[in-house]
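The residues making up each chain are set out below.
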Amino acid sequence: MFKPGKKIEFKSAKEIPLTPMSLGDMTHNYTGSWRNLRPEIDYDRCIDCMICWKFCPEPAIFIENDRPKIDYYFCKGCGICVQECPVKCIAFEEEGK
Amino acid sequence: MTEKKKRKISLSIPAEEIMRPGNLACQGCGASLAMRYALKALGRNVIFDIPACCWSVIDGPFPYSSIGVPLLHMAFETAASTASGIRAATKVLGKEDTTVVAWAGDGGTFDIGFQALSGAAERNEDIIYVCYDNEAYMNTGIQRSGATPYGAWTTTTPVKHYKKLPKKDIIEIMAAHRIPYVANVNIAYPEDFIRKFKKAASIKGTKFIHVFSPCPPGWKMKPDDTIKVAKLAVQTRVFPLIEIEHGIKYTLNVKVNKPKPVFEYLKLQGRFKHLTEKEVQRIQEDVDAYWDYIMKKVEFSKEYAG
Amino acid sequence: MKKVLMGNHAISYGATLSRVQVIAAYPITPQTQVVELLSEIVANGELDAEFIKVESEHSAMAACIGASAAGARAFTATSSQGLLLMHEVLHWASRARLPIVMANINRAISPGWTIWTDQNDSLSQRDTGWMQIYTADNQEVLDSIIIGYKVAEKVSIPLMIVLDAFVLSHTYEPVDVPDQEKIDKFLPPYKPKIKLDPEDPHAFGGLTAPNIYMEFQYNHQQAMMEAKKIINEVGKEYGDITGRYYQNLSPYKVDDAEYVVITTGTISKTTNIVVDKLRDSGVKIGNLRIRTLRPFPSEEIYEQLKGKKKVFVIDRNISFGNTGIFFQEVKASLYNTDIRVPIFGFVTGLGGRDVTPELIEEIVNIGIKNEKPEEEVIWMGVKK
Ligand SMILES: Cc1ncc(C[n+]2csc(CCOP(=O)(O)OP(=O)(O)O)c2C)c(N)n1
Ligand code: SF4
Ligand code: SF4
Ligand SMILES: [Mg+2]
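S.K.: Honestly, the interface of chain B and chain A in this entry has me stumped. Any pointers?
M.R.: Size of an interface, as often reported, equals the accessible area lost when the parts are brought together. Taken together, the contact between chain B and chain A spans 48 residues of the former and 43 residues of the latter. Both faces combined, the contact of chain B with chain A buries some 3800 Å², and carbon together with sulfur accounts for 60% of it. For chain B, the biggest contributors to the area lost against chain A are Pro21, Phe62 and Tyr64 of chain B; these three give 19% of the whole. Between lysine 54 of chain A and glutamate 191 of chain B there is a salt bridge, with its nearest N and O atoms 2.6 Å apart. Linking chain B with chain A are 20 residue pairs in polar contact (both at pLDDT 80 or more), by the criterion used here. Residue contributions to the side of chain B that touches chain A peak at 5 residues, all from helix H1 (residues 30–42) of chain B. Its residues assigned to classes, the side of chain B that touches chain A shows 23 nonpolar, 11 polar and 14 charged.

Take a look at the structure:
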């Protein structure tokens, strides 16, 4: 899982670097809020093929104890994992249900 | 949750994630998945430059970046020339082992950046030039490019005047520069994708990689269809996966013995919705003819090499 | 070591002595000898540099940006149409705060096709955020390249050395080529604090929102203003080791003058001759050569012009619909001061037309005779 990062803010021209350059990554930006549908893995049926992990663009699926795990902070709810799972064990549930 | 399995999983692509989430790619963006794979293949000893394209936005605004490796954002038409400069610097500074990657969209490659690309290829600059091809100018809102295929809708080729010109054959154009390595890859074939990037990194000189990169909003398709559409592009022979070495040795990487009809590929994308049966038939014929042409080159390469 | 050099070769030697590491350039008359000699120097192994023979000037500057961002000292040279083609990436270089140094040989702009000198090419790049130094002889060309790197690297702003086509680029003059050792001491290797580095990865130049974009522009401007001082300081430091001192302004007999001609480039050399002649006949006149256009040395110009009776600005350029550009710059910089003397603006020498001592004398006479300029732009030497 990715450690959510911090927002970086500047109060004045004195604090900014010479030129616009990165000082951190985008993990303060919880793209999970973009999601309407929420993929849920049914671990009883999951065969650990890692195809969902392979095709998640973000990446928002990580591997924990040899099993795929969805990082809901960042999963954008694109549904690729749902569609590509060969045993159809990832359900797409409406958010907030 | 079930109990922890004893059997260790085996992964077909590298486990390490260099790219970070939280990036600004749309849901199901093929270009974003392409970057994730490319970084897995290339590792961290790389320097990227990215001209104006969706990836200038995806990476994140100042002061953030999602790719975890050094990156120079640059003007739209300069991917190849900037990479040439970076490569020259790494040479004089004794960092020749660093891989230099130009990462551009189809607009930045087929159109506005083509002169710089052709120049860099002619000089055989030691860079990997990657074109992620989403077949239009997506950053500016889906305008047609030289990579937009026959029949497609874009905002500048509206339904009444959909594009009636073919897509430039970019890998043939690049092969004609006789550079050591030209390949195309597809995000639905990650193993082939990563193998080709690793191979490119091991070769000196100019390497050109053309990435098939679906774009759900630009192609008017469901984001969960990204992999399905990408796979169909191969299975229908729309996008034959090949490698071309030194401009003459052609290898087919994924065989397609029983091709699906091109309509299967087109029908998932709203940008082709307006096409008549006759037009679909025409596209099918073009695809068949191109496949035969490429297969002849593959066959010829076998004879030639043997 | 004394050598007899054409201006273009003075550029090449200046770059070589600066130990540039990446050169990316594209040929254009009247710049070709710069790249030809540099190619030879690199091929002979006299300079440890990569020479990228790009396919255009746009790519030349883009390659310099890539090289400089990756930590190398980068150099290019061009002229006229080539400089205009670079326009977009000139902005990019300065806003990326990369200390690239380039030489631009002032050639007029087409159509009609022309290869002869005037300043409209470099002046149309005035607002690209680069420093610009206008030179008057081949010695100054060579020295300014070396000084240019030191200044550029101190303030993190690229710098353009400008010289007249043919009058300097192709004219041979004796030039002292300093010892490499001396220059190595003066100009240490380029060591940027931040660069493209896999061991310390950063992205440069990403999307910058309205809440912070302006602060970068403010800092760029602050650095430019600081550069006014730095150019003079580094110029003095260079003088202390070579005996040749370069400052933002180069005044000639201005101290006790009543009338001051303001010039740039080689016209100033001709003007000095006219100043001497007129002084012999009792006219108290001086010549103020402006070397630095950006940053514009307003305060120094004020100091030089304080107490003078009249000022005559000679421009080898024209901003269509207004006046000569140095004329505008000088006038604007004095507006909020107590200097309230007539300033005359003359445009001449476009497209390589000769600017003779006689013409300059005529300019001075018009200025002295008339109480005020009758026209905003006084065209000289044109067949109206
Ligand atoms: C010189 C110049 N012209 C136009 C633009 C505007 N522009 C920015 S990105 C872009 C389209 C990029 O298309 P492509 O290369 O296919 O990348 P994509 O956005 O599709 O990922 C355009 C037209 C620009 N930035 N610079
Ligand atoms: S829905 Fe999309 S973003 Fe979310 S875990 Fe699945 S593939 Fe990743
Ligand atoms: S518009 Fe298309 S290519 Fe661009 S980020 Fe969105 S999905 Fe990706
Ligand atoms: Mg595109």
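S.K.: Explanation requested: the site of ligand 3 in the structure shown.
M.R.: All names here are of chain B. Around ligand 3, the neighbouring residues are Cys26, Cys29, Cys54, Ile58, Asn134, Met138, Cys215, Pro216 and Pro217. For the shell around ligand 3, the elements supplying multiple residues, two or more each, are helix H2 (54–58) and helix H8 (216–219). For the shell around ligand 3, the class distribution of residues is 8 nonpolar, 1 polar and no charged.

S.K.: I keep staring at the interface of chain C and chain B and nothing clicks. Help me out?
M.R.: Facing 37 residues of chain C, the contacting portion of chain B comprises 35 residues. Between chain C and chain B, roughly 2700 Å² of surface is buried when both sides are summed, and carbon and sulfur atoms account for 70% of that area. When the buried area of chain C at its contact with chain B is split by residue, Glu55, Pro198 and Leu207 of chain C rank highest and sum to 20% of it. Connecting chain C to chain B are 2 salt bridges.

S.K.: For this particular structure, what's the right way to read the sheet that holds strand E14 (residues 310–315) of chain C?
M.R.: Either a parallel or an antiparallel arrangement is found when strands of a sheet pair, and the pairing is made through backbone hydrogen bonds. Residue and element names in this part refer to chain C. Sheet architecture is open: 6 strands sit in the order E10-E12-E11-E14-E15-E16, paired in mixed fashion. The sheet is open, and its two borders are formed by strand E10 (249–252) and strand E16 (378–379), each paired with just one other strand. In terms of strand pairing, strand E11 (residues 259–263) meets strand E12 (residues 285–290) through 5 bridges, oriented parallel. Directly across from threonine 263, in E12, lies its bridge partner arginine 289. Taken strand by strand, helix H10 (residues 267–280) contacts E10, E11, E12 and E14, and its axis lies near 170 degrees from that of E12. Helix H12 (residues 325–334) rests against E11, E12, E14 and strand E15 (343–347) of the sheet, and its axis sits at about 145 degrees to E14.

S.K.: Explain the pattern of salt bridges to me, please; I cannot follow it from the model alone.
M.R.: Close approach of charged atoms allows side chains with opposite charge to pair. Within this structure, the stated rule accounts for 54 salt bridges over all chains. The closest approach of N and O atoms between glutamate 84 of chain A and lysine 231 of chain B, which form a salt bridge, is 3.7 Å. Of this pair, glutamate 84 of chain A sits in helix H2 (residues 80–84) while lysine 231 of chain B sits in helix H9 (residues 226–235), on two different chains. In this structure glutamate 84 of chain A comes out as buried when scored by relative accessible area, which is 12%. Residue classification places lysine 231 of chain B among the partly exposed positions, given a relative accessible area of 26%. Linking aspartate 127 of chain C and arginine 126 of chain C is a salt bridge whose minimum nitrogen-to-oxygen distance equals 3.1 Å. Residue aspartate 127 of chain C is classed as partly exposed on the basis of its relative accessible area of 48%. Look at the salt bridges and you will find they share partners, linking Asp192, Arg195, Lys196, Lys199, Glu243, Glu245 and Lys249 of chain B into a network.

S.K.: What am I meant to see in the site of ligand 2 here?
M.R.: The local shell around ligand 2 consists of Pro39, Cys56, Glu58, Ile61, Cys75, Lys76, Gly77, Cys78, Gly79 and Cys81 of chain A. Of the residues belonging to the shell around ligand 2, the class tally is 6 nonpolar, 2 polar and 2 charged.

S.K.: Got a minute to help me understand the nonpolar core in this structure?
M.R.: The tendency in soluble globular proteins is for nonpolar side chains to be buried side by side. In terms of nonpolar packing, the biggest core is built from 183 residues, with Phe48, Trp55 and Trp103 of chain B together with Met61 of chain C touching the most fellow members. Residue contributions to this core peak at 9 residues, all from H1 of chain B. Shared between two domains, this core holds at least three residues of each, these being domain 1 (2–242) and domain 2 (249–379) of chain C. The contacts of phenylalanine 48 of chain B, once residues within four sequence positions are left out, are Met35, Leu39, Leu42, Ile67, Val69, Pro70, Leu71, Leu72, Val101 and Trp103 of chain B. Judged by nonpolar contacts, the second largest core, of 53 residues, contains Ala10, Val34, Ala77 and Ala227 of chain C.

S.K.: Please explain the packing of helix H3 (residues 79–92) of chain B against helix H5 (residues 114–122) of chain B as it appears in this structure.
M.R.: Two measures define how a pair of helices packs: the angle their axes make with one another and the distance between the axes. All names here are of chain B. Taken N-terminus to C-terminus, the directions of H3 and H5 make an angle of 40 degrees; their axes are 6 Å apart at the nearest point. Between H3 and H5, the interaxial angle falls into the category oblique. Mapping the contact onto sequence places Ala80, Ser81 and Ser84 in H3 and Ala116, Leu117 and Ala120 in H5.

S.K.: Is there a simple way to explain unusual backbone geometry in this structure?
M.R.: Note: most residues except glycine have negative phi, and most peptide bonds are trans. Look at the link from phenylalanine 62 of chain B to proline 63 of chain B: it is a cis peptide, with omega at 0 degrees. Within the element layout of this structure, proline 63 of chain B appears in the loop between H2 and strand E2 (71–74). In this structure, glycine 112 of chain C follows proline 111 of chain C across a cis peptide bond, with omega equal to -10 degrees. With respect to the helices, strands and loops of the structure, glycine 112 of chain C is situated in the loop between strand E5 (101–106) and helix H6 (120–123). Here aspartate 66 of chain A, not a glycine, exhibits a phi torsion of approximately 65 degrees, which is positive. Aspartate 66 of chain A gets classed as buried once you look at its relative accessible area, which sits at 15%.

S.K.: Please explain the coordination of the magnesium ion (ligand 4) as it appears in this structure.
M.R.: Angles at a metal have ideal values that depend on geometry: 109.5 degrees with four tetrahedral donors, 90 or 180 degrees with six octahedral donors. Residue and element names in this part refer to chain B. The coordination sphere of the magnesium ion (ligand 4), as far as protein atoms go, consists of Asp106 (OD), Asn134 (OD1) and Ala136 (O), spread over 1.9 to 2.1 Å. Taken in chain order, the donor set of the magnesium ion (ligand 4) reads D-x27-N-x1-A. Of this pair, aspartate 106 sits in helix H4 (residues 106–111) while asparagine 134 sits in the loop between strand E4 (128–133) and helix H6 (170–175); the two residues are 28 residues apart in sequence, bridging distant segments of the chain. For the pair shown, aspartate 106 and asparagine 134 are each scored as buried.

S.K.: Would you take a moment to explain the pairing of strand E1 (residues 46–51) of chain B for this structure?
M.R.: Each regular strand displays side chains that alternate between the two surfaces of the sheet. Residue and element names in this part refer to chain B. In terms of residue burial, E1 counts as a mostly covered element, since 6 of its 6 residues are buried. Side chains of E1 alternate between two faces, with Val46, Phe48 and Ile50 and Ile47, Asp49 and Pro51 buried alike. Note: E1 against strand E3 (residues 99–105), 4 bridges, orientation parallel. When the bridges of E3 are listed, valine 46 appears paired with threonine 99. Across 4 bridges, the pairing between E1 and E2 is parallel.

S.K.: Got a minute to help me understand the side chain of glutamate 245 of chain B in this structure?
M.R.: Residue placement: glutamate 245 of chain B occurs in strand E7 (residues 242–245). In contact with glutamate 245 of chain B, not counting residues within four places along its chain, are Ile179, Pro180, Tyr181, Lys199 and Thr251 of chain B.

S.K.: Whenever I open this one, H3 of chain B confuses me. Can you help?
M.R.: Residues lying three or four places apart along an α-helix face the same way, a consequence of the helix completing one turn every 3.6 residues. All names here are of chain B. The terminal C-alpha atoms of H3 lie 20 Å apart, and with 14 residues this matches the ideal 20 Å at 1.5 Å per residue to within 8%. In terms of burial, H3 is largely enclosed, as 13 of its 14 residues are buried. Among the residues trailing H3, glycine 94 stands out with phi positive, at a value near 70 degrees.

What counts, and at which threshold
- Residues numbered from 1 in each chain as written.
- Chains lettered and ligands numbered in written order.
- Predicted model: local features only at pLDDT ≥ 70, side-chain atom pairs only at ≥ 80, totals over all residues.
- Heavy atoms only, no water.
- Contact = heavy atoms within 4.5 Å.
- Buried area = accessible area lost by both parts, 1.4 Å probe.
- Salt bridge = Lys/Arg side-chain N within 4 Å of Asp/Glu carboxyl O.
- Polar contact = N/O pair within 3.5 Å; in protein donor to acceptor, adjacent residues only side chain to side chain.
- Helix = DSSP H or I, 4+ residues; strand = E, 2+ residues; numbered from the N terminus.
- Nonpolar A, V, L, I, M, F, W, Y, C, P; charged D, E, K, R; others polar.
- Near = heavy atom within 4 Å.
- Pairing = 2+ DSSP bridges.
- Axes fitted to C-alpha atoms, helices over the stretch in contact; angles between N-to-C directions.
- Buried < 20%, exposed > 50% of the residue type's maximum accessible area, 1.4 Å probe, protein only.
- Core = buried A, V, L, I, M, F, W, Y, C linked by side-chain atoms within 4.5 Å.
- Domains from an automatic or database assignment.
- Parallel < 35°, antiparallel > 145°, perpendicular 65-115°, else oblique.
- Donors = N, O, S within 2.8 Å, 3.2 Å for Na, K, Ca; no water.
- Expected span 1.5 Å × (residues − 1).

Purely geometric stuff here, so don't read any function into it on its own.
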